[in-house]
Every structure is written in C-alpha cells, then in structure tokens.
Amino acid sequence: TIQRDPAVASVGLVKIAGALIKYGLHQLLYGATTYVPLHGPPMSAAMMQNPGDDEGYGSLIEEPARDVGWTNLASVGSIIPTLLYRPLNTVHNITAPTLLIAAQFDTLCPAADSEAAFGRMNPRTTKLVTLKNATHFSVYNGELLERSVTEMV
C-alpha cells in the first residue's frame, strides 16, 4: 500500500504507530499485550489494510473457526517483525523443489515480488505459476484452488 497509495498508507501507519506506543505503555505499566485487528479496511490500524484485504481474509474464516475462539486480532508486538520481513533476501538459500503461485491482482504479495523471488532461485528446481484474474485471497477457493493444487501434484 505504501508504494501504491502513499496517502492511504500514511494514515494507516500513523494509526499503527499509535498502537505501538500504546503497546509499549501497556507492556511497561501492566505487562499486558495490546492487540490490533489482523485485517481491516484501508486507513485502519489493521495489519492488513489494502483494498480487498478485509473482505478477502474475512471470507476465509468459517464459522467453525469462530466457534473455537478465533478472533480478528494480532499482537501489536508482531507488527515490527512483520514490517521487517524480507523473504527476497533469503530465497536464494532454498534448495528444495519449490512452486511459487502468484495472483495477478494480489495487493499483499504482488506478482512482481514472486517473479523477483523466482529470478533469485534455482530455475531447475523452481516453478512459477501466475494465476490470471486472481487476487491474494481468491486462490484459496474454487477453481483457482483446484488449479493451484493441480500445479503442486
């Protein structure tokens, strides 16, 4: 979101910064963990706030998950490690056969990032499949899920 829509991202980052300050104070004063939504609408304090993230992730969570206590929360302490996570820095170390599945319209993990990862990996043991007209979350259901599974087998 930062690169695609800096104005929207800056509002979200300010809200997340506020959550980090609150987290630090709660930890210091009460030893309590503070949480933010894992997914939410753009400009929220949610960790995933690209357009479509809220609906997409929400569609994956079925009632049984909610029945056993799943909630849309993530520890504020996980925000910094998530922001600092850079898998492109280490993909060249992967030696196992690898299938990368990219979605053409993925806003969380853009197809260009998968292509960059593929370019850093062993081409003899790595395969890249880009699913057309797909989003980050649409590959988990229906025809796109079946295609992904077929590619793996």
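Residues numbered from 1 in each chain as written. Predicted model: local features only at pLDDT ≥ 70, side-chain atom pairs only at ≥ 80, totals over all residues. Heavy atoms only, no water.

Asker: Please give an account of the environment of Ser148 that cites residues and values.
Answerer: Examined against the element boundaries, Ser148 turns out to sit in helix α6 (residues 142-152). Given a relative accessible area of 6%, Ser148 falls into the buried group. In the structure, Ser148 is positioned 56 residues away from His92 in sequence and 23 Å away in space, judged by C-alpha atoms. What Ser148 contacts, discounting residues up to four positions off in sequence, is Leu99, Ile101, Leu131 and Val139. From its side chain, Ser148 meets the backbone oxygen of Leu144 in a polar contact 2.9 Å long. (Helix = DSSP H or I, 4+ residues; strand = E, 2+ residues; numbered from the N terminus. Buried < 20%, exposed > 50% of the residue type's maximum accessible area, 1.4 Å probe, protein only. Contact = heavy atoms within 4.5 Å. Polar contact = N/O pair within 3.5 Å; in protein donor to acceptor, adjacent residues only side chain to side chain.)

Asker: Kindly report on the pairing of strand β3 (residues 98-103), identifying the contributing residues and their values.
Answerer: Looking at chain direction, β3 and strand β4 (residues 126-131) are connected through six bridges and run parallel. Counted as the bridge partner of Ala103 is Leu131 from β4. Running through helix α5 (residues 111-120), the crossover from β3 to the neighbouring parallel element β4 is right-handed. (Pairing = 2+ DSSP bridges. Right-handed = clockwise from strand over helix to strand, strands pointing away.)

Asker: Tell me about the packing of aromatic side chains, and please be specific about residues and values.
Answerer: Per the stated rule, a full pass over the model turns up two aromatic pairs. Measuring from ring centre to ring centre gives 6.3 Å for Tyr57 and Trp70, while their planes differ by 25°; the resulting arrangement is stacked. Note that Tyr57 is positioned in helix α2 (residues 53-60) and Trp70 in the loop between α3 (63-67) and β2 (74-75), a separation of 13 residues in sequence. Residues Tyr57 and Phe137 carry aromatic rings whose centres are separated by 6.0 Å and whose planes lie at 90° to one another, so their mutual orientation is edge-to-face. Taken together, the positions of Tyr57 in helix α2 and Phe137 in the loop between β4 and α6 put the pair 80 residues apart, joining distant regions of the chain. An aromatic cluster of at least three residues, connected via ring pairs, comprises Tyr57, Trp70 and Phe137. (Phe/Tyr/Trp six-rings, centres within 6.5 Å; stacked < 30°, edge-to-face > 60°.)

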